[in-house]
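Spelled out, the chains give:
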Amino acid sequence: MGTIRDRMIEDMTLRGLALRTRESYLQAVVGLVKHYRRSPDLITSEEVRGYVLHLMQERHLSSSTCNLVLSACKFLFYVTLGREPRSLDVPRSRQPARLPQILSREEITRLIEGAKDPRTRLILSIAYGAGLRVSEIVHLKVSDIDSERMCLRVEQGKGAKDRFTLLSPRLLEELRAYWRAFRPKEWLFPQTRKPSQPIAATYAQKLFYMAKDKAGITKRCGIHGLRHAFATHLLEDGTDLHTIQRLMGHNSLETTQRYLHLAQKHLAATPSPLDLLPKAPPPAPKAAQPARAPRTVHPRTPPPRV
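The structure displayed is predicted, hence computed values, not measured ones. (Residues numbered from 1 in each chain as written. Predicted model: local features only at pLDDT ≥ 70, side-chain atom pairs only at ≥ 80, totals over all residues. Heavy atoms only, no water.)

Some points on the packing of aromatic side chains
This is how the line gets drawn: Pairing of aromatic side chains requires ring centres within 6.5 Å, counting the rings of Phe and Tyr and the six-membered ring of Trp. Pairs whose planes differ by under 30 degrees are stacked, by over 60 edge-to-face, and all others tilted. Helix and strand definitions here come from DSSP, where helices need a minimum of 4 consecutive H or I residues and strands a minimum of 2 consecutive E residues; each element is numbered from the N-terminal end. When accessible area is computed with a 1.4 Å probe and restricted to protein chains, residues below 20% of their type maximum are described as buried, those above 50% as exposed, and intermediate ones as partly exposed. Lysine NZ or arginine CZ positioned within 6 Å of the ring centre and within 35 degrees of the ring normal marks a charge as sitting over the ring.
Taken as a whole and judged by the stated rule, the model has four aromatic pairs. Relative to F182, the ring of Y178 lies with its centre 4.9 Å away and its plane at 35°, an arrangement referred to as tilted. With Y178 and F182 both in helix 8 (residues 169-182), this residue pair falls four residues apart, about one helical turn. For Y178, a relative accessible area of 6% gives the class buried. Pairing Y178 with F189 gives two aromatic rings, centres 5.6 Å apart and planes at 55°, and the pair type is tilted. Taken together, the residues span a long stretch of sequence, with Y178 in helix 8 and F189 in the loop between helix 8 and helix 9 (201-215) at a distance of eleven residues. The pair Y178 / F189 is uniform in exposure class, with both members buried. Through successive ring pairs, a cluster of aromatic residues spans Y178, F182 and F189. Between R83 and the ring centre of F77, over which it is positioned, the NZ or CZ distance is 4.1 Å. Sitting above the plane of the F164 ring, R149 keeps its charged end 4.9 Å from the centroid.

Observations regarding the nonpolar core
Operational definition: For this analysis, a nonpolar core means a set of buried residues of the types Ala, Val, Leu, Ile, Met, Phe, Trp, Tyr and Cys, connected via side-chain atoms within 4.5 Å. The contact criterion used is simple: two residues touch if any of their non-hydrogen atoms lie within 4.5 Å.
Counting 49 residues, the largest nonpolar core has I123, L124, I126, F189 and L226 as the members making the most contacts within it. Excluding residues that lie within four positions of it along the chain, I123 makes contacts with I137, F189, I199, A204, L207 and I223. Formed by 25 residues, the second largest nonpolar core is a distinct cluster that contains A28, L55, C66 and C73.

Quick look at the pairing of strand 2 (residues 151-154)
Side chains on a regular strand alternate between the two faces of the sheet. Heads up, the condition is: Paired strands are those between which DSSP finds at least two bridges.
As paired elements, strand 1 (residues 145-146) and strand 2 share two bridges and run antiparallel to each other. Residue pairing for strand 2: I145 is matched across the bridge by L152. From the end of strand 1 to the start of strand 2, which pair antiparallel, there are four residues, and M150 there has a positive phi angle of about 55°. Sheet analysis places strand 2 next to strand 3 (residues 163-166), joined by four bridges and oriented antiparallel. In the strand pairing of strand 3, V154 is matched with R163.

A short note on the sheet that holds strand 2
Strand order in the open sheet formed by three strands is 1-2-3, and the pairing between neighbours is antiparallel. Either end of the sheet is taken by a strand with one partner, and the two such strands are strand 1 and strand 3.

Things to note about the packing of helix 3 (residues 45-57) against helix 4 (residues 63-80)
In plain terms, the rule: A fitted line through C-alpha atoms represents every axis, and for helices the fit uses only the stretch in contact; the resulting angles, taken between N-to-C directions, go from 0 to 180 degrees. Any angle that falls under 35 degrees is termed roughly parallel, while one over 145 is termed roughly antiparallel, one within 65 to 115 roughly perpendicular, and all others oblique. Put simply, a crossing is left-handed when the front helix is turned counterclockwise from the back one by less than a right angle, and right-handed when it is turned clockwise. Under the grouping applied here, Gly and all other residues not named as nonpolar or charged are polar, the nonpolar ones being Ala, Val, Leu, Ile, Met, Phe, Trp, Tyr, Cys and Pro and the charged ones Asp, Glu, Lys and Arg.
Packing of helix 3 against helix 4 brings their axes to within 10 Å, and their N-to-C directions diverge by 165°. As judged from the angle between their axes, helix 3 and helix 4 are roughly antiparallel. Relative to helix 4, the crossing made by helix 3 is right-handed. Contacts between helix 3 and helix 4 pair S45, V48, Y51, V52, L55 and M56 from the former with C66, V69, C73 and F77 from the latter. Looking at the contact of helix 3 with helix 4, its residues break down into nine nonpolar, one polar and no charged.

Quick look at unusual backbone geometry
The phi dihedral of R37 falls on the positive side, at around 55°, and the residue is not glycine. By the element assignment, R37 lies in the loop between helix 2 (19-36) and helix 3. With relative accessibility at 78%, the residue R37 sits in the exposed group. Located in the positive-phi region is R183, a residue other than glycine, with phi close to 50°.

Regarding the side chain of T165
What counts here: Pairing of N or O atoms within 3.5 Å defines a polar contact, subject to two protein rules: one partner must be a possible hydrogen donor and the other a possible acceptor, and residues neighboring in sequence count only if both atoms are side-chain atoms.
Of note, T165 is situated in strand 3. What makes T165 buried here is its relative accessible area of 3%. Of note is the side chain of T165, whose polar atom sits 2.9 Å from the backbone oxygen of A130. Not counting residues up to four positions away in its chain, the partners in contact with T165 are A130, L132, C151, L152, V154, F230 and L247.

A word on the environment of A201
Relative to the assigned elements, A201 resides in helix 9. A201 gets classed as buried once you look at its relative accessible area, which sits at 18%. For the pair formed by A201 and I137, sequence separation is 64 residues and the distance between their alpha carbons is 8.2 Å. Beyond its immediate chain neighbours, meaning those up to four positions away, A201 contacts R20, V134 and V138.

Structure follows, in structure tokens:
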């Protein structure tokens, strides 16, 4: 697969795919090759279909993982191998629509205040205070902090886009305290052994789970839940959807509108149809019944004695 692998890497690089996407696509294709033990240019569309079914039915992988494998195979077939469009006619798996569990403000306070490690505390504060993805957090540079304009610069976020997001005064104080303690040069969160490289996103996720367990939070969510809470709490505080869309880096407003389903203030302001029903008049009180005269009890006359 050596030559095909190199060609696929070049194709993904030329099209500007993110590093994590390139790694995921390569890993998916390697899994396909290992399953059939043949070069990818000898694998047919029906075999790809069978491999996806194998992942779903036998390995019980999630629909999102199976869809990623299918996307990687389509890139391999259509771009790298140059096969005819739609030659790989395998439908994508429908993903269940689940709303995330939103952390309350009290839970986020326990989460951040309970993190004694300054790096963990700052990572959590950035995730919630600026609404960044975990991949965006670990790739923050010292130069991305703009204290004059009070904003954070996100360089090449999802979709290879730059954007600016919030930098609150409280977060700026924590950033300055962190910088005085650790003096990072380029990356805000560099690796200990390789300061020229940032920490991995999986490591930041691990720090979140440790802080979550320590805070006693049982809701099902990862560090991305802090990003969801950022948008939901902004919406509850009256921030308009277009502003939240720009801060989150969403391409479509429809993606941002899903937070309407999560905002407690929006839900509480919606009247229930039960409250809109006309109220029936209360039942009339029953007329008082006249009191009955007490029954006279006559003593029994004993029978005559014979």
